[in-house]
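Structure assessment
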Amino acid sequence: MAAEVKKFTRKEIAASDAKTAARFIINNHVYDVSQFLDEHPGGHEVLVNAVGKDATEDFDDIGHSIDAKELMKKYRIGELVDEDKTNTNNSGGNVKWTTPSNNTEEETSFISSWKFPVVLGILATVLYTYLFG
Ligand code: HEM
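None of the values given here were measured: they were computed from a predicted structure.

Rules of the game
Residue positions are given per chain, counted from 1 along the sequence in the order it is written. Reporting in this predicted model follows two pLDDT cut-offs: at least 70 for local features of residues, and 80 or more for side-chain atom pairs to be given and counted; totals over whole chains, interfaces and linings ignore these cut-offs and use all residues. To get the side-chain values, all heavy atoms of the structure are used, and hydrogens and water are removed first. Strands are treated as partners if at least two bridges between them are detected by DSSP. For helices the rule is a DSSP run of H or I covering at least 4 residues; for strands it is a run of E covering at least 2, with both sets numbered from the N terminus onward. With water omitted from the atoms examined, metal sites may look incomplete; donors here are N, O and S atoms no farther than 2.8 Å from the metal, or 3.2 Å in the case of Na, K and Ca. Under the classification used here, a metal with four donors is tetrahedral if each angle lies between 85 and 135 degrees, square planar if opposite donors are over 155 degrees apart and the others between 65 and 115, a six-donor metal meeting that same test is octahedral, and anything else is irregular. Exposure classes here rest on a 1.4 Å probe applied to the protein chains alone. A residue is buried below 20% of its type maximum, exposed above 50%, and partly exposed in between.

1. Some words on the pairing of strand E3 (residues 29-32)
Relative to E3, strand E2 (residues 23-26) runs antiparallel, the two being bridged by 4 bridges. When the bridges of E3 are listed, Phe24 appears paired with Tyr31. Connecting E2 to the next strand, E3, in antiparallel fashion are 2 residues, including Asn27 with a positive phi near 50°. Bridge count for E3 against strand E4 (residues 76-80) is 3 bridges, and the pairing is antiparallel. Bridge pairing links Val30 to Gly78 in E4.

Right under this line is the structure:
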């Protein structure tokens, strides 16, 4: 059986207190860094400021190393409930937008399509025949 993943709501995390459980959210995962506060190379203060928040953007903005991303697994305690998850690709907080398919491209690219030279050729032939034929 797959290991149970503990689920949290954003509300629960928002109620976190750095003194008892220093928890925050990164990429829909929940971390408890209580044991890491004093070891964080970026300092105690920044982590305490992130407690209770979704720190995905701040974490990504720093450009944390692969080592840091490996290390954070140690402090992961669960994830958000599905309703509270944001749409990320989980690899760095970048939102993946899907472009809805539409046909405007096809219509506007008529001039560059193969049809245009063909129509032009026919017109030229008709004109030539009319003038000189
Ligand atoms: C479990 C979560 C985290 C882990 C394991 C972690 C780990 C690390 C590590 C290993 C470094 C050293 C540089 C590197 O290897 O990239 C670092 C630097 C840093 N971190 Fe974190 N970090 C975490 C969360 C955060 C958060 C949420 C913030 C901001 C809100 C933050 C802000 C910083 C800053 C400002 C630096 C210093 C960057 C510099 O000196 O250029 N970290 N972190």
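2. A look at unusual backbone geometry
The phi angle at Asn27 is positive, at roughly 50°, despite the residue not being glycine. Inspection of the secondary structure assignment puts Asn27 in the loop between E2 and E3. Notably, Asn28 is not glycine yet its phi reads approximately 70°, a positive angle. Relative to the helices and strands, Asn28 resides in the loop between E2 and E3.

3. So, the coordination of the iron atom of the ligand
Within the protein, the iron atom of the ligand binds to His40 (NE2) and His64 (NE2); these donor distances fall in the range 2.0 Å. Taken together, the 6 donor atoms coordinating the iron atom of the ligand and their angles of 85 to 179° define a geometry best described as octahedral. With His40 in the loop between E3 and helix H2 (44-50) and His64 in the loop between helix H3 (56-62) and helix H4 (66-72), the pair connects residues that are 24 residues apart, well separated along the chain. Given the relative accessible area of 14%, His40 is considered buried.

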